[in-house]
Amino acid sequence: SQSIVQHKKELSNAKKKEQAAKALESELKEKVTVVQSQISVLKGQIAEVQNSIGLKEQEIAVKEQQITEKEAEIADQWGDFKQHMAAMQELRDGGSVAMLSAVNDLYELLTFNEVMQDISIKDTEIMDNMKAAKSALEADKVELEAQRKELKGQKAELDTQNYQMKAKQSELNSSISAAPVSYTH
């Protein structure tokens, strides 16, 4: 009679252990499913960030091309401007005396002076515009480079999270493998 009680107790303990093992196995499998879904979400985020990086790199390439074109345009304008300044220098050095001698009245003299001032103002404006255009393009390039760096940082962070999730999944898979095998009757 005591032996039967002992066997019932052992059977009850075995059933409790089996239920605990099944519960543990179920819990571990659920954790693996959660981790797998988190990994899937992270993979999607990584793909989005990689796509953003690709698009940003294209924007940077376009801006760099614009900068190169603008630099060539500025170089051309600078060449033309230097020729213009050389011509103006010649005019000031000797040509202006010849032009002044051709002046017939006070009105022509005043007009000549105004034209020279207008040319000087226009020259300054051209120089300022060339400088501003180049500065704006350089600023755009710096901004795009900063954005690309930020996107690469985000990708590195997502890669780290992905690695950590895979490590956790491996750990959970190991836990499932190491868990007591459930009894089936």
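Everything that follows concerns the structure shown earlier in this document.
So, here is what we can say about the structure in this document. Here the structure is a predicted model, which means the values were calculated and not measured. (Residues numbered from 1 in each chain as written. Predicted model: local features only at pLDDT ≥ 70, side-chain atom pairs only at ≥ 80, totals over all residues. Heavy atoms only, no water.)

## Focus on the overall build of the chain
Then step 1. Secondary structure assignment for the chain yields two helices and zero strands.
Then step 2. In the chain, buried positions account for 18% of the 185 residues.
Then step 3. Across the chain, every contact between residues at least 6 apart in sequence was considered, and the portion connecting residues at least 24 apart equals 92%.
Then step 4. Here the chain has roughly 13,600 Å² of accessible surface; of this, 55% comes from carbon and sulfur atoms. (Helix = DSSP H or I, 4+ residues; strand = E, 2+ residues; numbered from the N terminus. Buried < 20%, exposed > 50% of the residue type's maximum accessible area, 1.4 Å probe, protein only. Contact = heavy atoms within 4.5 Å. Areas by Shrake-Rupley, 256 points an atom, 1.4 Å probe, with all protein chains shown as cover.)

## So, the pattern of salt bridges
Then step 1. Scanning all chains against the criterion turns up 12 salt bridges.
Then step 2. Lys152 is the salt-bridge partner of Glu57, the closest N and O atoms lying 3.9 Å from each other. A residue pair is termed long-range when its members are at least 10 positions apart, and Glu57 in helix 1 (residues 2-102) and Lys152 in helix 2 (residues 106-178) qualify at 95 residues.
Then step 3. The exposure class assigned to Glu57 is partly exposed, which follows from its relative accessible area of 31%.
Then step 4. You can call Lys152 partly exposed: its relative accessible area is 44%.
Then step 5. Between Glu145 and Arg148 there is a salt bridge whose closest N-O contact spans 2.8 Å. With Glu145 and Arg148 both in helix 2 and three residues apart, the pair spans about one turn of that helix.
Then step 6. Judged by its relative accessible area of 30%, Glu145 falls in the partly exposed class. (Salt bridge = Lys/Arg side-chain N within 4 Å of Asp/Glu carboxyl O.)

## Side note on the nonpolar core
Then step 1. Core analysis: the biggest nonpolar cluster contains 12 residues, these being Leu28, Val32, Val35, Ile39, Leu42, Ile46, Val49, Ile53, Leu151, Leu158, Met165 and Leu172.
Then step 2. Those elements that place two or more of their residues in this core are helix 1 and helix 2.
Then step 3. Of the residues forming this core, the biggest block, eight residues, is contributed by helix 1.
Then step 4. Contacts of Leu42, omitting those with residues within four sequence positions, involve Leu158, Gln161, Asn162 and Met165. (Core = buried A, V, L, I, M, F, W, Y, C linked by side-chain atoms within 4.5 Å.)

## Some details on the environment of Ser177
Then step 1. In this structure, Ser177 sits in helix 2.
Then step 2. Distance in space between the C-alpha atoms of Ser177 and Leu28 is 9.9 Å, their sequence separation being 149 residues.

## What about the environment of Ile67?
Then step 1. Residue position: Ile67 is located in helix 1.
Then step 2. When its relative accessible area of 5% is taken as the criterion, Ile67 is described as buried.
Then step 3. For the pair Ile67 and Ala136, spaced 69 residues apart in sequence, the C-alpha to C-alpha distance is 9.4 Å.
Then step 4. Setting aside residues up to four positions removed in sequence, Ile67 forms contacts with Leu137, Glu138 and Lys141.

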